Each structure stands twice: as C-alpha cells, then as structure tokens.
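So you can see what is in the structure, the chains are spelled out below.
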Amino acid sequence: MNLPLFKKYINIRLILLLVLLVFEAIHLKILFGNAEYLAGGDNYIYLQLETHKMFPYYWNNVLHPFGSINFAMPDTLGMQLYSVVLGFLSGPLAQRLILYILYLFRYVAFYKLIKYISPKVSVFALVPAVIVYSLNAFSTLDPFSFFPLLNAIYLPLSLYYFLELFNSDNFNYKTLFKLSLLSVIFSPINSNIPLAVTIFIPQLLYILFNFNKLNKLKIKNVLAYYSLWVILNLWWVFPLVKYFASSASTVFSINWFSATGVGNTFMNLRFLGQWAWYSKHFLYYYYPFNAYYDNIIVVLVTYFIVGFALLNPFNKNSANIIKYRLYFLVLSITSLLFVGGSRLPFGFVYRFLYENLFGFKIFREPFTKFELIYVIAVSVSLYIALINLEKLINKKYKTALFGGIVILCLISAKPVLFGEHVWTKWNGNMRTFRVKIPEYWKEFRDYLVENSIKGEKIITFPKVNYGTAWNWPEGFTSADDVAISFVGPYNYVVRNTLTSTGGDIGIIIDNIYNIKNPNQFYLGFLGIRYILLENDLDWRYSGSNISPPSENLSKLGNMGVQKIKDFGMFDTEYLKNIPNSTPFPNDNKLLYTELENKQALSLYEINQNYVNPLIYSPTKIIYSTGDSSKLSEIYNREGFDNKTLFLLNQYDSHKKSYINESLIGLSSKHVLYPSKIDPLFFPERIDWEEGWFWPEVNVFPASLEHRFVRLWENIELIRFSKLEKLDRYIWFFSKRVEEIRKYSNDLSTEQKMGLFNDYISSVNKGFEIINSLPVDETDDTYVGLLKKFIRYFERSLAYLSTMDLNITEDKSINGLKEKYNNLLIKVMGENCGEYCFDFKVPKNGSYKLNVNNNDIGVGDLTVENKDYAPLRPELFLEKIEIGEWKDFGITSKFAEIKNFLSNQKYKIKFDYKTNVPKTSVSIVEEISAEKKTDAIQKKSSFEEDLHVFDINPINNEGLKGTRYCIYLEDGSCYSHFETIFTSKNDIQNAILLLEFETTENTVKNLQIQRVYEPKVNLVRSEEEFTEFNIPNIAYQKLNPTRYKVLVENIKGDFILVFNQNFDKKWKLFQQSIIFSGEETAKDFPNYKVTEKPVKDIFWDMSFVKTLIKKPVSDNNHFIANGFANGWYFKNDSGVVKLELILEYTPQRYFYFLLAGYILMISVIVGVVTVKLYKIKKSK
Amino acid sequence: MSPKYEFVKYILITFVAIFTLVDTLVLRNSGEFVIFILFLLWLVIMTLLKPNKDIFNKIGMGLFALIPILVIVRLFEVAERVAIWLFLYLVVKCVIEFKDYIKNER
C-alpha cells in the first residue's frame, strides 16, 4: 500500500467530511421515515417541487387567484428555481436532495468561519462546536423549514466573507464578488424579511467593534459591498416595498400576532424560549419533547456547554483569537438583548420601536429571528474555549476528553438526532409532517393535464382556512389549500385562507361560502369555471363553520353544476387507514358516517354560458354605495345578468362625495346603502372593564408618609404623553375619594375638604387634557381612556354623594358636572340618535326605501338637503315580553324571556338603586342537550325535562362599580344600566335572572328589545339609462403581466372589464397586434369574446414599444365589481377597432434591472479579462 | 475594586441607573428598582473585597452554576433574576476585556 499517497489525500478533514456525508444521509432517512415528503403548515411549499415553473413577474396569479403584486418575488430563485433545475427528479427525491445539501452546507459554512478565525483548525474543538451549532435545541423548532435552513448557512458564510473583506488590505474584488453572489443565491430568505436582515447584525457589530481601525479602504470595501447588495437585490425589493406600502399597514393593524415579550433570559441562554415551547394545542404540546430538555442531566449539560463557551475558563488565547473571542462574546450579549425583545428589564427600547416605528412590527417573534445569532456566537466561543482546553491537557487523555465532550454535545442534540422534532401525532388540525400524497390527488393533477384544462379558476369546497387538516392516510396539514400543489402552474385555486390579507376579493370569496344556497351564475360571473369538492378536508378541525361533505354535496346539487369526474373513493377499508384519534366519540363517528362510500374528490363544471371571460365588455352599470360584501346581495336580489358592471363603494363618507361621477348618469340602477353614523361610543353602555381597579389606599392622608405619596405622584406625572398623564389623573382623583371614604371618621372636615379640593383639581386637569385633544376615533388608547375617565368620574361622584360632605351646592362640583355633560356631547358628536344614517344621494329623484328587507315606501330625495334622516326606532327595535317573575332563592328573581332566538342581538336596559349592596343581571340560555353534549347538564328550574343551561359569559353582567346617581326617587338614588348582547347558537329558551343580595327589588323600568341590524338601502331604477353595445373582443395572455386585446365592431361608448384585482398600474396601450393563425382556445359567444391560447413569453422585443406610448383611457380606470379593473371608453371619434396591449407596467423595472445586471456582469467580466490579459502579458 | 476595574463601576452605575429609572418611572416597573439597589450593593461588596481577576471569573462561574440548579428546583423567577445578573456580568466582562484588548493593540 502506498502510504505517503494515502496520507496525501486522506487527511482528518476528508475523513470528517465523509463521516458527515454518511451521517447526514442516515439523519435524513430518520427524519423522513417512510414518508414521501416532509411537509406541513407553512412548509407545504415542498409539494410544489413537481410544478417545474418559475414566475419572474411582478404580478402573480398563483399566490392570489385574482392576481396581486408578487410579494413572493424573492422566492423566484428558491423553490421555484429548484423545481426547474431539479425537474429531472421526482418531487420527493428533489426534496431529499435539497434538504441534504442544506443540512450539509450548514456544517460547511460554519467550518469556513472557524477556519478564518483559526486557520489551523482543531478537530478536537471543531466537532463539538459544529454539533452545538447544527443540532441544538433551537434547531428543533424548524426541522425542515426552508428559510431557517437557508439562514443557518448564510449567516456564518456571509460573516466569514465579511470578515475577509473588512480585514483585507486591498480593494477586494474577489470577496466583493463572492458576497454579492451569495446575496443573490440566498435571496429566497428575503421572503422572510425579519429573518433575512439579521445577517447584517454581526457585520455591523464587527464594524463597531473595529471602529478605531476604520480607514478609507475598509470604508470603501464595506460601502461597495452594501451598495452592490442593494443594486443586486432591487429586483425583489421593489415589489416587496410596494406590498408593504399598500397591504402591510392593514395587516399590521389587524390582530397582529406578537410574541415580543415572551420567554426568559435563563431559557434563551441554552437556546430555548420560543413562545409555544410549553404551550399546548388541543391534545398535545407543540413540542412534545420539551420534557427532555427539563431532565436534570440535560439541564446541567446544556448550561455547562454554554457556560464553558461564554466564560472561557482556560484563557490561553493567541493575540489574533482574543479579538474574535471578544467579538463573539459581544455578539452573544447583543443577540441576547435582541432575543429578549420587549421583555424586562432591557426591553423598553425594543418595545418603543415595536410600537412606534413603522415596519418594526415584522420583528414580532424576536426569539425565532435573533436566536441563531446567539447560537453561532456561542458555538464559535465554544470552539475557542475548547482550543484553550486542548492546549492544557495531556495527549494521553485527549481522546477520552474529546469523546466525553462529544457525548455531552450529543446529549443536548438527542431530539434532533432521532427525529423526535418531526411532528407525527394526530392533534386536531395538526397532522403528521411525514406525508404521503394520496393517489387520487395525483389522478386529479393528471386529469387537468390530459384534458388541457389551463388558465382556469377553480373554487374549492368547503372553505379552506389557514391551518387546515386533510384526512390523508397519514394525515396532512397546510397553511394554504392543498389543491394549489395539484392544479399546475396555469390554473388558479379560488380561496381566501387568511381574512386579514384577502382584501376586497377575499370578502367576496368568503361570501360565497356564507350564502346558504350559492348559485352557479354568480360563480361564473366571477370567472370561476370549475368547482373542486374536497371531501378529504377534515371539516371537523379546520376552523368554525366549515361545512361537512354531505352539506357540500347538497349545496352543489342545488347549484345544478355538472359533475365531470370523481377521484378516489372512501370505502370502509380505506377509511381504516385514516388517523382519527379524536377524543370526542361523536366526532369520531362522524368521520365514518360522513365519508363512507363518498368520493375523495369531485370536479364539477359550471355551465360555460354563465362563465365570464377574463376580459369582457358589460352592457349596463349598477351604481352602488355598498361595499364588496354586498356584491352577492345586490347581484342575487336584483337578478342582474352576468354582463352587468357593478360599481361598488362609490361614496366617500369622509369627503361626503360620490366617486366616478361621470358614470352616475349612465347607470341603470342606483343601489345605495346609507352609512350609519355612530357616536364615538354610547356613554351609558360603558362596562366596568376587567383591567380597571378601584384604588386601595393604606396611607393616612394626614400623615408625613402621605407627603411622600404626593411627591411620588408628582414624579409620576413627568411624562411626555398627554394620555398617560390623563390616566394618572384618573388614578389620583379616585385615590382622593377613596381616602376620604376610608379615613372619613379620622379626618377633620378641613382635611377632608383639602382632599376634596385636590380631587377637584385632578378632575379638572383631566378635563383640560381631554379638551386639548382632538377627537380621534381610530386611537384605541384615547377612546379607552375617555371611557375610563367617564366611569371613574361617575363612580367617584357616586361615592362623594354618599359622604357627609356638604357639596351639593358646591360651585366647583357643579362646574365638573357641566364639563362632564359637555364631554358626553363631545363623545356623541353630531349623532342624531341611535339609528342615524347619512342619506346623501347621487341624483335627485324617487328612491325606494328598504329596511331590514321590508319595503317601507318610495320617497323623493335630493342631492342637496338630505344629509341626515332619522328613522323610526321601532323599525330596528322590537319589544320583547317578559314572563311572570318568580323567586329564585331568597334574594333573586327570574322570568322567562318570551320568543328568545339564537344569534340575535338584544338590548337590555333598566334603572337600579345604587345604595344597595349588589345588583347583578344574567341571561341564562337553554340549549337542547343533543346540541351541546359537552356542557354541564342540570335540570331546568321551570321545566321537568332535561336541558342544558349555559350562562352566556358576555351576557353575565354584574353591575361592577357604582354609577353616578342619575335621579333620586323616594329618597333612593337610581342609576341607569344599558347593554347590547348577542344570544348564542341553538338556544331553545332563555331566562332573565336578577340577583340583589337583598330581599328588595332594586330594579325598575326594565325593558328588553330585539335589535335588528339596521339593513337600510335605497334603490332607484332609471327609466332612461345607457345600454352599451358590446363589441367583439379577442384577447391572449402573453404572460401574467401582459395581454393582447383586440376590440372590433365598436359602436359608440363601451366599457372593458379585466377580471384581475384592481391595480392602478395596469395600463392599456394602443399598439398594432396580430393573432397570426392563432386558433381559439375558448369561445364566449354570449359576450362576443374569444380567448386565444395562453402563452408564457418572458421577453419579446416588441415589449419595448409601449415604453414611449401614453396609456389609453387611464383617467377612466376604475374598480369594477368591487375588485377588478374597469375602463370606460368614450368613443367620440367613432373608431370601430382598437388594438390594445394590457400591461402591468412595474414589470418594466424588472426588465430594466435585468438588463442592468447583464450589463454589469459583462463589464466586470470584461475588466477581469483585460486585467488577466495584462498580467499574462507582463509575465 | 482594583483601579483596573474602577471605570467599569461608573459605566455600569450610569447605565443601570438610566435603564432602571426609565423602567421604574416611565414604564412603572418598580420591581426593577430592587435590581438597581442590589446592583449597587454588589458593586459595594466588590469594592470591599477588592477582587482580582480570578475572583471576578469565579463570580461569573458561580452565577452560571446557579442557574441550572435553580431551574432544576423550579425556582424560575429567581433563575431569571440570576440570568439578568449574569447578563450584566457578561457586559462587565466584555468591557474589561475590550479595554485590555485596546491597550494591547496599542
């Protein structure tokens, strides 16, 4: 054997690499088990590996069935590119390869960083450090998520090249090129922006760390890098900025999930602390292996590793390593600070930024975003600490010690090694990540291809929510509809999985599911051609109001749509393979009763005569002020045909003016929904909220200590925010009243009056602040504090009225009452009563008034003077009778509420005595036993049958706090109570229960009313209106951002509707177009429209022609049907033919950038070639 | 406290004083005031002990050793307090080592 040759090629690093290659192959095998794919939740995207398609367009139809700005642009070079490059492999194999490479490169990237810090790499230190970096507790959170895995490679790799760049002693073209290239290769991470930006934290920290060493060269290198980064990433930055500027602000403001203050520092130290770490979902913990990390041995081991790394007990570093050791120590502390988020005691800056800096809200989970920086800092520190240890130990013990340390590291990595972190349990809507795709889905995919079904909108039934489960043989969970992975790249699944991001079309889609009997005309009107019935969707655990298969079948049957193909069958044998571990027997049984002998999937087709083409011309206009949610209502009630254009939301209630006024006169009908004018809130309905506390006082007001209390109060008033000051004043005036109350017997009248004067002063200060602030309906804090001020003031007045202070004639207290009344006027605004509507109409004439679907009559309304018109309250309120009062115990009474209905709003109001111990009111709702099997069952007090009683918690209203004495009667002080509540589902009956804690009835003027939602609308039918002649239209999709449109046989004015989400940047340009020998793909004779075959041309030189052209009819571009694009063409010149290009103009930026990149690369290649040539020549 | 570590005292007192006062007065978390007092106390004890570098290191190790024990006996609130102390300790350590590093560089 040639030993020197063997030694030359086989070194310890190669062996290590081979070991890693084998280890990762085995590790991956363990993770996958017998599954086809690892997928689930947000990681359903792996299923799209079989799509083999990239979407380098700024307008995307795959994310959204009706199109949207492509906010997934960064992923173009991610899963999309991989699906194309790995197209020769099957999807499961491609996923295995991707994950294998991602896992492997995590080690390689870390090794590169270590090699830079310590060129003579120590295997003794490297192996444990690599294990800690790659297989730690933090990595258990995302076993196969694409972006975190990419980040785990990019973070060390980018840091390594950055260090090389910063420390180089020349303008480092080579490293700059590598860093720029990396930024492009890893651009998919930018789909998760908060994660992506974290790579800059270690870099910026390193600049700060070496601030004293900054020189021109270093600044030049760093600036060149960041400039190149920006230029090379502009292609995805642009659509993302547009998305954030338009939609994100809405998303941030609605129920934005946040975990900024979750976790603990002691947990973060050992890579734990995710918000759900100890949380349960339904039956199991999110991370069932969390108990392992609480094992005594594991606790000791994990803290020992981190402690050893950070404290570096054997400090024998060389000068060069000292610098990096210190840098990574600083990095670990900085990252811990970030990970802590808004948590105490250092989180106030984070909290301030989170609440005040727009866009910072993306860092809503600091642990998941920043912990990896801490992990890398600790891992490198561990490496350095182990090098020091290695220097100290005797070679004899080295192997044993190495083995021991590796074992310790492996102990901390056990769940990752054995794949325990891959979810496999049945847990409601959570199902296994080890997925096997059922054959019927593949058959469905093949059917679409075989039958050339392309460019179609397919709606799925039932509705799919974010985080839905499917009853697949092993189970499956997905954030989006699973159908999107099987309809191919050119068909679009109509769904609205996330309400907050759906926009207007989302509302329209959701309405389809909310209608009891949807019809196929309406679906066709939206351009939907197919319906896919997904019987395998687990309706039981996928959100509320998801209808079961039988109901869906009945709905589709009523629609009259034609079934064209079934896929798969749930026979008894097949159902046995479906996990069904629900603990509820009824649910368990339901799976079989609902699914047995039903098809798994069924494809239905809507009558093609009812399906609207993508581009068409309507014949008439309906002008309405109703929003998108009213589209189906107007469409169905008025019985319009599909060639109608609906102009919705046409009234701007802020400006009090109508939109698209030029189209008012052309409309055939005006359907108006007068907007309700609400006050800021109803003062009499303010509840005493859970978080409001009445102060408890423990310091005698005449004592010296009380001076400190007052001093502290003055310090507390040093605040910038007026609202915070107001909150403090509320607290202080309540304290004064409580002090007078508690120490009434011990205080002199003079002392009491002193406190009373302080009370008056604090309340006045509160009024001053309120009066200095403009009414801001959108600021919840402002509105909340106004409510709080009113209720605390009322309560304080009520207490004062019961004390022995002679203040009834006091001028200052009367002054406060006057200010209080003015405040109530401010709160109510110009409100003309409880049922107050803005009746401004677009056109004079007679309008049919309809209230709660009842025609009230016809009346004349004019544009000028009908801003407000109060309606009779009895149209909205129905008096409800109460049965005979019966005693309930000694101090309570109850009575039946007659004709009590489910899911209805009710108003209850009464006056009650305030000088009694307690008065409380409850609505006890009776639910039939079979409807609510899991509720507590007890016998009814007034019927002998077995029923279930449920106290509606919303309706269980204890009259907390004490209100201001509104009026005196027979020496008793009375206050008013009023609230509106909603009854629950499946109610059979209800009783009203009053508890007094006294034998006396303290309630009078009791009234219960059913509150109808004030559905008010006005309809005006025009006798004379414009019926548009529809021209002949032919169109062809060239790519998602470009269409050819040929309009012929134009007779007068016409309207063009493009059935894609409205965006001002969709423009029409006049340009001669040719459909040379193109056959017709689809014909819509009713609309005189033909569709040419869908093309997919990324670039054509003819695209530049529109650059210099002015768009056509751009001023008459409006929102059609509540969501789509519409253009009104005024044909004054009498043209009969128009050749148009419909273009999403932002796509031009992408082309420009691409051209710029090609030019840049050519220049760089040119420069490098010339340099190389010169070097060669000089040699 | 040796002159070598003297400056740390002032930096930390200023830093901790600012954050604690902001936290206590503006954000109303009076519990943090206790940390401030304890921190001052720690600095006083360290001044009295006049620790050398070894003792300083041992304090860190002691703090680190304390956390797993507190976690095992499920005294999480105390463990969190100790972790915050450890964090402050690491900040001190960084400042000391950074000063040394700058000195050596020169």
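Residues numbered from 1 in each chain as written. Chains lettered and ligands numbered in written order. Predicted model: local features only at pLDDT ≥ 70, side-chain atom pairs only at ≥ 80, totals over all residues. Heavy atoms only, no water.

### Notes on the overall build of chain A
If you tally the helices and strands in chain A, you get 30 helices and 45 strands. Here the C-alpha radius of gyration of chain A, 35 Å, is about what a compact globule of 1179 residues would show, namely 32 Å. For the C-alpha atoms alone, the extent of chain A along its principal axes is close to 115 × 90 × 65 Å. Across chain A, contacts joining residues at least 24 apart in sequence account for 80% of those joining residues at least 6 apart. Total accessible area on chain A is roughly 51800 Å²; 56% of this is exposed by carbon and sulfur atoms. Of the charged side chains in chain A, 127 are positive and 115 negative; the average position of the first set lies 12 Å away from that of the second. (Helix = DSSP H or I, 4+ residues; strand = E, 2+ residues; numbered from the N terminus. Rg over C-alpha atoms; globule rule 2.2 N^0.38 Å. Contact = heavy atoms within 4.5 Å. Areas by Shrake-Rupley, 256 points an atom, 1.4 Å probe, with all protein chains shown as cover. Lys, Arg positive; Asp, Glu negative; His and termini not counted. Charge placed at Lys NZ, Arg CZ, Asp CG, Glu CD.)

### Digging into the environment of B:Phe56
Its place among the elements puts B:Phe56 in helix α3 (residues 53-72). Along the backbone, B:Phe56 and B:Val92 are 36 residues apart, and their C-alpha atoms lie at a distance of 9.9 Å.

### A look at the confidence of the model for chain A
Here chain A shows a mean pLDDT of 86. Residues at 70 or above account for 92%. Counting interchain partners and residues more than four positions distant, the pLDDT-below-50 stretch residues 931-961 of chain A has 72 contacts. (pLDDT = per-residue confidence, 0-100.)

### Quick look at the pairing of strand β40 (residues 1066-1070) of chain A
All names here are of chain A. Of all 5 residues that make up β40, 4 are buried, and the element is covered over most of its length. Relative to strand β45 (residues 1137-1144), β40 runs antiparallel, the two being bridged by 5 bridges. Residue Phe1069 lies in a different strand from β45, and its bridge partner there is Ile1141. (Buried < 20%, exposed > 50% of the residue type's maximum accessible area, 1.4 Å probe, protein only. Pairing = 2+ DSSP bridges.)

### Quick look at the environment of A:Ile991
Residues and elements named next belong to chain A. Following the sequence through the fold, Ile991 ends up in strand β34 (residues 987-995). Note on Ile991: relative accessible area 6%, which makes it buried. In this structure the C-alpha to C-alpha distance between Ile991 and Phe900, which are 91 residues apart in sequence, comes to 9.0 Å.

### Structural notes on the pattern of salt bridges
All names here are of chain A. Counted according to the given criterion, the structure contains 34 salt bridges over all chains. One salt bridge in this structure joins Arg710 and Glu713, with 3.6 Å as the shortest N-O distance. Taken together, the residues Arg710 and Glu713, both in helix α25 (residues 704-716) and 3 residues apart, mark about one turn of the helix. With relative accessibility at 26%, the residue Arg710 sits in the partly exposed group. According to the relative accessible area criterion, Glu713 is buried, its value standing at 4%. In this structure, a network of salt bridges that share partners links the residues Arg710, Glu713, Lys735, Arg736, Glu739 and Asp758. (Salt bridge = Lys/Arg side-chain N within 4 Å of Asp/Glu carboxyl O.)

### Re helix α6 (residues 146-167) of chain A
Taking 1.5 Å as the rise per residue, α6(A) with 22 residues should run 32 Å; its terminal C-alpha atoms sit 32 Å apart, in good agreement. Across the 22 residues of α6(A), 19 count as buried, placing the element largely inside the fold. (Expected span 1.5 Å × (residues − 1).)

### A word on the side chain of A:Ser892
With respect to the helices and strands, A:Ser892 occurs in strand β26 (residues 892-896). Ignoring sequence-local partners within four residues, the contact set of A:Ser892 consists of A:Lys886, A:Asp887, A:Leu993, A:Leu994 and A:Glu995.

### Points about the interface of chain B and chain A
You'll often see interface size given as the accessible area lost when the parts meet. Listed as interface residues are 35 residues of chain B and, on the opposing side, 40 residues of chain A. Taking both partners together, chain B and chain A bury about 3400 Å²; carbon and sulfur atoms supply 77% of that area. For the pair chain B and chain A, the number of links is 1 salt bridge. The closest approach of N and O atoms between A:Arg325 and B:Glu97, which form a salt bridge, is 3.0 Å. One can count 4 residue pairs in polar contact (both at pLDDT 80 or more) joining chain B with chain A. (Buried area = accessible area lost by both parts, 1.4 Å probe. Polar contact = N/O pair within 3.5 Å; in protein donor to acceptor, adjacent residues only side chain to side chain.)

### Some details on the packing of aromatic side chains
Two aromatic rings are characterised by how far apart their centres lie and by the angle between their planes. All names here are of chain A. Applying the stated criterion to the full structure yields 97 aromatic pairs over all chains. Seen in terms of ring centroids, Phe138 and Phe367 are 5.5 Å apart; in terms of plane orientation they differ by 75°. Their pairing is edge-to-face. Here the residue Phe138 occupies a position in the loop between α5 (123-134) and α6, and Phe367 occupies one in helix α15 (residues 366-392), the gap between them amounting to 229 residues. Considered together, Phe138 and Phe367 belong to a single accessibility category, that of buried residues. Between the aromatic rings of Phe767 and Phe793, the centroid separation amounts to 5.8 Å while the plane-to-plane angle is 80°, which identifies the pairing as edge-to-face. (Phe/Tyr/Trp six-rings, centres within 6.5 Å; stacked < 30°, edge-to-face > 60°.)

### Quick word on helix α21 (residues 549-559) of chain A
All names here are of chain A. Inspection of α21 places Pro549, Asn552, Lys555, Leu556 and Met559 among the buried residues, and these make up the whole buried set. Looking straight down α21, one finds that the buried residues subtend no more than 125° of arc, so they occupy a single side. The exposed residues of α21 that point more than 90 degrees off its buried face are Gly557 and Asn558. Residues of α21 that are buried in the fold lie against β7 (457-461), α19 (499-514), α20 (520-525), β11 (528-534), α23 (585-595) and β13 (598-605). Just beyond α21, the residue with positive phi is Gly560, at close to 80°. (Arc of directions from axis to C-beta.)

### Here's the deal with the packing of helix α4 (residues 91-117) of chain A against α5(A)
Two quantities define a packed helix pair, namely the angle between the helix axes and the distance between the axes. All names here are of chain A. Between α4 and α5, the least distance of the axes is 10 Å, while the angle of their chain directions is 130°. Regarding the angle of α4 to α5, the classification is oblique. Every pair of crossing elements has a handedness; the one defined by α4 and α5 is right-handed. Contact residues: α4 offers Arg106, Tyr107, Phe110, Tyr111 and Ile114, while α5 offers Leu126, Ala129, Val130, Tyr133 and Ser134. A breakdown of the residues in the contact of α4 with α5 according to their chemical character gives 8 nonpolar, 1 polar and 1 charged. (Axes fitted to C-alpha atoms, helices over the stretch in contact; angles between N-to-C directions. Parallel < 35°, antiparallel > 145°, perpendicular 65-115°, else oblique. Left-handed = near helix turned anticlockwise from the far one by under 90°. Nonpolar A, V, L, I, M, F, W, Y, C, P; charged D, E, K, R; others polar.)

### Considering the sheet that holds strand β38 (residues 1042-1048) of chain A
Residue and element names in this part refer to chain A. Pairing in this open sheet of 6 strands is mixed, and the strands run β40-β45-β38-β37-β42-β41 from one edge to the other. Two strands bound the open sheet, and with one partner strand each, they are β40 and β41 (1082-1084). Neighbour to neighbour, the strand axes of the sheet diverge by 20° on average, direction disregarded. One ladder, built from 3 bridges, connects strand β37 (residues 1032-1039) with strand β42 (residues 1089-1091); its direction is parallel.

### A closer look at a nonpolar patch on the surface
All names here are of chain A. Together, Trp1099, Met1101, Val1104, Leu1107, Ile1108, Tyr1149 and Phe1152 line one region of the surface with nonpolar side chains, adding up to about 750 Å² of accessible area. Within the element layout of this structure, Met1101 appears in the loop between β42 and β43 (1117-1120). Classification of Met1101 as exposed rests on a relative accessible area of 57%. (Patch = residues over 30% accessible without salt bridge, like charges linked within 9 Å, V, L, I, M, F, W, Y side chains within 5 Å.)

### Topic: unusual backbone geometry
Residues and elements named next belong to chain A. Phe461 connects to Pro462 through a cis peptide bond whose omega is 0°. At Ser452, a residue that is not glycine, the phi angle is positive and equals roughly 50°. Under the relative-accessibility criterion, Ser452 is labelled exposed at 61%.

### A word on the side chain of A:His706
All names here are of chain A. Structurally, His706 is set in helix α25. In terms of polar contacts, His706 uses its side chain to reach the backbone carbonyl oxygen of Pro701, at 3.4 Å. Once you skip the residues sitting within four places of it in the chain, His706 turns out to touch Val699, Phe700, Pro701, Arg736 and Glu739.

### Topic: the pairing of strand β35 (residues 1003-1011) of chain A
Residues and elements named next belong to chain A. Sheet topology places strand β24 (residues 877-880) next to β35; 4 bridges connect them, and they run antiparallel. In the sheet register, Lys879 faces β35, and the bridge partner there is Gln1009. Pairing of strand β27 (residues 905-913) with β35, which is carried by 7 bridges, proceeds in the antiparallel orientation. Pairing of Ile908 across the sheet is with Ile1008, part of β35.

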